[in-house]
Amino acid sequence: PGGECFRGFVNVVQSGAKRLEHLVANMLKLLQAGSFETAFELAPVNCRKMLDDIEAQVAHYLARRRQTLKITLAPPDAVLALDRGKMHDVIVNLVMNAIKFSPDGSVIEVAVRAVAGQPATIEVADSGAGIAETDLPHVFEPFFSTFDTLHHSSGSFEYCKRGLGMGLAIVKKFVEMHGGTIKVHPRYPRGTSFMIRLPSSP
């Protein structure tokens with residue numbers, strides 16, 4: 001019993017250390033985004049290739065939750081002027097949030113619309129727990145975090161577990177570095193949609 005208690009204590013300490021490391025990394029990324037904007041570089045990006053890379057990156061988490069990522073592009077060969085690394089981080093963050101706050105077996109949607117001469121849009125939408133109306137104005141504030149709820153029956157992969165409140169602040173900063181905006185909207189009957197608008201498509 002003493003050994004099990006000690007192992008439990010070690011696990012708690014290790015979990016706390018990882019959480020702190022993640023928090024510090026996010027803080028540095030946010031500070032860098034504000035202080036070193038010269039690191040930002042636009043280039044033509046094939047959206048299909050970028051989204052395929054993102055799907056491969058999150059495939060493990062989708063599989064654990066038996067979720068599906070539905071990707072829609074209009075046109076199918078859409079190309080946007082982006083800082084690929086930063087926009088990749090933006091979409092991964094939004095998709096991982098959707099995985100985290102959506103039930104097992106659900107569909108997460110990523111849609112890109114890039115019509116020449118019109119603002120381009122990138123939308124990440126889910127049918128998960130949603131965000132309370134009182135929280136909507138604050139979701140992009142640093143250190144703001146939405147509610148805790150009970151774990152889903154799938155168990156271990158952080159279903160509706162409170163986050164650190166840094167990811168969406170970084171997302172907003174990176175989108176604004178592109179000259180764009182990001183807004184969050186409730187979906188009905190349930191779920192959340194994050195809509196990014198970027199300057200006119202090339």
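Residues numbered from 1 in each chain as written. Predicted model: local features only at pLDDT ≥ 70, side-chain atom pairs only at ≥ 80, totals over all residues. Heavy atoms only, no water.

**Re the pairing of strand β3 (residues 79–82)**
Part 1: Of the two faces of β3, the one lined by L80 and L82 is fully buried and the one lined by V79 and A81 carries no buried residue.
Part 2: Sheet analysis places strand β1 (residues 43–46) next to β3, joined by four bridges and oriented antiparallel. Its bridge partner lying in β3, N46 is registered against V79. (Buried < 20%, exposed > 50% of the residue type's maximum accessible area, 1.4 Å probe, protein only. Helix = DSSP H or I, 4+ residues; strand = E, 2+ residues; numbered from the N terminus. Pairing = 2+ DSSP bridges.)

**Observations concerning the pattern of salt bridges**
Part 1: In this structure the tally under the stated criterion is eight salt bridges.
Part 2: Close ionic contact of D52 with R48 constitutes a salt bridge, the shortest N to O distance being 3.3 Å. Remark: R48 and D52 occur in helix α2 (residues 47–65); sequence separation between them is four residues, near one turn of the helix.
Part 3: Classification of D52 as partly exposed rests on a relative accessible area of 34%.
Part 4: A relative accessible area of 32% means that R48 is categorised as partly exposed. (Salt bridge = Lys/Arg side-chain N within 4 Å of Asp/Glu carboxyl O.)

**Here's the deal with the packing of aromatic side chains**
Part 1: Going through the model one piece at a time under the given rule, you end up with zero aromatic pairs.
Part 2: Between the NZ or CZ atom of K86 and the centre of the ring of F174, over which it lies, the distance is 5.6 Å. (Phe/Tyr/Trp six-rings, centres within 6.5 Å; stacked < 30°, edge-to-face > 60°. Lys NZ or Arg CZ within 6 Å of the ring centre and 35° of its normal.)

**Some thoughts on the environment of K183**
Part 1: Looking at where K183 falls in the secondary structure, it is placed in strand β6 (residues 181–186).
Part 2: Note on K183: relative accessible area 51%, which makes it exposed.
Part 3: Sequence separation of K183 and M195 is twelve residues, and the distance between their C-alpha atoms is 5.3 Å.
Part 4: Setting aside anything within four residues of it in sequence, one finds K183 in contact with S193, F194 and M195. (Contact = heavy atoms within 4.5 Å.)

**Here's the deal with the packing of α2 against helix α3 (residues 84–101)**
Between two packed helices, the angle of one axis relative to the other and the distance separating the axes together describe the packing.
Part 1: Relative to each other, α2 and α3 sit at 25°, their axes nearing to 10 Å. One way to sum up the angle between α2 and α3 is to call them roughly parallel. The handedness of the crossing between α2 and α3 comes out as right-handed. In this structure, α2 contributes K49, M50, L51, D53, I54, Q57, V58, Y61, L62 and R65 to the contact, and α3 contributes R84, M87, H88, I91, V92, V95, M96, I99 and K100. (Axes fitted to C-alpha atoms, helices over the stretch in contact; angles between N-to-C directions. Parallel < 35°, antiparallel > 145°, perpendicular 65-115°, else oblique. Left-handed = near helix turned anticlockwise from the far one by under 90°.)

**Points about helix α4 (residues 167–177)**
Part 1: Burial of α4 is extensive: eight of the eleven residues sit out of reach of the surface.
Part 2: All of the buried residues in α4 are G167, L168, A169, I170, V171, F174, V175 and M177.

**Regarding the confidence of the model for the protein**
Part 1: Averaged over all residues, the pLDDT of the protein is 77; the fraction at 70 or higher stands at 63%.
Part 2: Overall, residues 147–165 carries pLDDT values under 50, and its contacts beyond four positions in sequence, including any with other chains, amount to 54 contacts. (pLDDT = per-residue confidence, 0-100.)

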